[in-house]
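# Per-entry structural report
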Amino acid sequence: MTSPATAEQPPVIQTGLPALSNSYAQLPERFFAQTDPKPVSEPRLIRFNRHLAEELGLDADQLTSPDGVAMLAGNRFPEGLQAIALAYAGHQFGNFVPQLGDGRALLLGEVVDVKGVRRDIQLKGSGPTRFSRNGDGRAALGPVLREYVVSEAMGALGIPTTRSLAAVLTGDPVYREVRLPGAVLTRVAASHIRIGTFQYFAARHDTEALKILADYAIQRHFPQLAGEARPYRALLEAVVAAQADLVARWMLVGFIHGVMNTDNMSISGETIDYGPCAFMDAYDPSAVFSSIDRAGRYAYANQPRVATWNLARFAETLLPLMSTDENEAVSEAEEVLRSFQASYEAVLQRGFRRKLGLLTEAEGDLQLAADFLDVLARGEADFTLGFRRLGDDLDAADGQGTARQLFKDPGAFDAWSARWRQRIASEGDTATRRSAMQSVNPKFIPRNHRIEAMIQAALGGDFRPFEEILAVVSRPFDEQPGMERFAEPPRPDERVLQTFCGT
């Protein structure tokens, strides 16, 4: 346990860790605000991600020492560290806010991981910054644990995402209608550059800053574009392709981000800002869980449409860089934006073929997939288990396996299943089909009712459910005997109808 810092600035420590660089802090001062975290009274480590630390080339033993935990809480820092809060703007539920920024997060710096990729390390919940807008800059325990579990689950599912390195209790309360324990999350990301970062400078007609930011983004995320004759068009193309791939991957696992504001969309193509996120149980294209999404703007089926809208806002910020002729720039941007749908559909179609165990392409495959989704919806069947049990039931006689038990009207499923079985039979016997399907259809997801139960237990001081669900969702495709309860959908009395951002 570490004593609170008494000085205004966190005292310097020697951790033995590699020095953190900070290339973003080398940009002009209007890009960020240099800020020191506010010390907390009694930091205590909840969880440290040793596997991620190894990926980053960090010393896990040093970071879990008292000095390391003090750094993860924002109480003490290695010599030379320059923490900054990033400036950005954004459209929130369609309404533009010209200044947002990191109101409760600080970028500590960057490391180059064992694969040679530069990644940010950020404290979330470390206290107020210049961008806090009268907020306390803190994070409550529940949202920290939710983000830790869901982001690690997304990583295990193979979906681009920010990661969670550590969660620390602060010993101090935060107030969100009620008194709650405070916590700090250490988040790792390819970067924290958002569509809203570009909007911040576009709103100020700061073309110089836009060019600096675009050049930095190209250098950091898309270095292969540096020699392009039209680098800013190429940047737009790369970000459109990355977002199309990302959102398609969300759709394939039933993930609903919940708050797809432009300030929550990373240009790197990573999932970022897990607030009121959720995974669907019963398949419903109109599913909404976020308590603040009253009109369903960010419903499951709307996600690709919203992504296109967000990308159009990104394109608008690049227009002055793409051409001095505004009409020419708009025409180019519109052409690039039209590529989103084709890119998105290609990833989605390929993904659904794999989920259905189809190893070749044939006419009618996409209709077969669409019809299965329709059967799922009409049968109020679980999205995740619906696909998983198709693979489990491959050898069931006459299709009478466990999948049909999920449907209120098994007859509709039986009719579809007969078509599906005929289709896979046309490919001949493939001994690997079951394992191929199980490798893309998870058995375990972080189900909402399990997340909420875990949070309630943690609020009472019991972190065993947190550790259990984290261990299970970190191996989403494995059978994991004895953990079957984590695969089951909620009973009617367990259903979670709303999720909350927690800010």
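Residues numbered from 1 in each chain as written. Predicted model: local features only at pLDDT ≥ 70, side-chain atom pairs only at ≥ 80, totals over all residues. Heavy atoms only, no water.

This part takes up the overall build of the chain. Regarding its fold elements, the chain presents 15 helices and 14 strands. Whereas a compact globule of 503 residues would reach a radius of gyration of roughly 23 Å, the chain reaches 23 Å, a difference of no more than 12%. C-alpha atoms of the chain, sized along the principal axes, occupy 70 × 60 × 40 Å. Of all 503 residues assigned to the chain, the portion counted as buried reaches 58%. Looking at the chain alone, contacts between residues at least 24 apart form 72% of all its contacts between residues at least 6 apart. Of the roughly 20,700 Å² of accessible surface on the chain, a fraction of 49% belongs to carbon and sulfur atoms. Put simply, the chain has 53 plus and 64 minus side-chain charges, and the middle of one group is 3 Å from the middle of the other. (Helix = DSSP H or I, 4+ residues; strand = E, 2+ residues; numbered from the N terminus. Rg over C-alpha atoms; globule rule 2.2 N^0.38 Å. Buried < 20%, exposed > 50% of the residue type's maximum accessible area, 1.4 Å probe, protein only. Contact = heavy atoms within 4.5 Å. Areas by Shrake-Rupley, 256 points an atom, 1.4 Å probe, with all protein chains shown as cover. Lys, Arg positive; Asp, Glu negative; His and termini not counted. Charge placed at Lys NZ, Arg CZ, Asp CG, Glu CD.)

Another point: the packing of helix H5 (residues 195-203) against helix H8 (residues 303-322). For the pair H5 and H8, the least separation of the axes is 9 Å and the interaxial angle reads 40 degrees. Judged by the inter-axis angle, H5 sits oblique to H8. Between H5 and H8 lies a crossing of left-handed hand. Contacts between H5 and H8 pair Ile-195, Phe-198, Gln-199 and Ala-202 from the former with Asn-310, Leu-311, Arg-313, Phe-314, Thr-317 and Leu-318 from the latter. (Axes fitted to C-alpha atoms, helices over the stretch in contact; angles between N-to-C directions. Parallel < 35°, antiparallel > 145°, perpendicular 65-115°, else oblique. Left-handed = near helix turned anticlockwise from the far one by under 90°.)

Next up on the list: the confidence of the model for the chain. With 95% of its residues at a pLDDT of at least 70, the chain reaches an overall mean of 93. Here residues 1-7 scores under 50 on pLDDT; set against residues more than four positions off or in separate chains, the count is 14 contacts. (pLDDT = per-residue confidence, 0-100.)

Okay, the pairing of strand S8 (residues 105-112) next. The element S8 is largely enclosed, with a buried count of 7 among its 8 residues. Pairing of S8 with strand S9 (residues 118-124) involves 7 bridges; the strand directions are antiparallel. When the sheet's bridge partners are listed, Glu-110 is paired in S9 with Asp-120. Hairpin connection from S8 to S9: 5 residues lie between these consecutive antiparallel strands, with Gly-116 at a positive phi of about 85 degrees. (Pairing = 2+ DSSP bridges.)

Along the chain, Asn-261 turns up in the loop between strand S13 (255-256) and strand S14 (278-279). Using a relative accessible area of 4% as the deciding quantity, one classes Asn-261 as buried. One polar contact links the side chain of Asn-261 to the main-chain amide nitrogen of Phe-93, over a distance of 2.8 Å. Setting aside anything within four residues of it in sequence, one finds Asn-261 in contact with His-91, Gln-92, Phe-93, Tyr-298 and Asn-310. (Polar contact = N/O pair within 3.5 Å; in protein donor to acceptor, adjacent residues only side chain to side chain.)

This part takes up the pattern of salt bridges. Taken as a whole, this structure holds 45 salt bridges when the rule is applied. A salt bridge links Arg-233 to Glu-332; its shortest N-O distance comes to 3.2 Å. Of this pair, Arg-233 sits in helix H7 (residues 231-253) while Glu-332 sits in helix H9 (residues 326-355), and the two are 99 residues apart along the sequence. Each member of the pair, Arg-233 as well as Glu-332, is classed as buried. Measuring nitrogen to oxygen at the nearest pair gives 3.1 Å for the salt bridge that ties Asp-493 to Arg-491. The class for Asp-493 is exposed, based on a relative accessible area of 60%. Salt bridges sharing partners connect three or more residues here, namely Glu-55, Asp-113, Arg-119, Glu-152 and Arg-163. (Salt bridge = Lys/Arg side-chain N within 4 Å of Asp/Glu carboxyl O.)

Where H7 contacts H8, the axes come no closer than 10 Å and their chain directions differ by 170 degrees. Relative to H8, the element H7 is oriented roughly antiparallel. The segment H7 lies against H8, with Tyr-232, Arg-233, Leu-235, Leu-236, Val-239, Val-240, Gln-243, Val-247, Trp-250 and Met-251 engaging Gln-303, Pro-304, Ala-307, Leu-311, Phe-314, Ala-315, Leu-318, Leu-321 and Met-322. Counted by class, the contact of H7 with H8 contains 16 nonpolar, 2 polar and 1 charged residues. (Nonpolar A, V, L, I, M, F, W, Y, C, P; charged D, E, K, R; others polar.)

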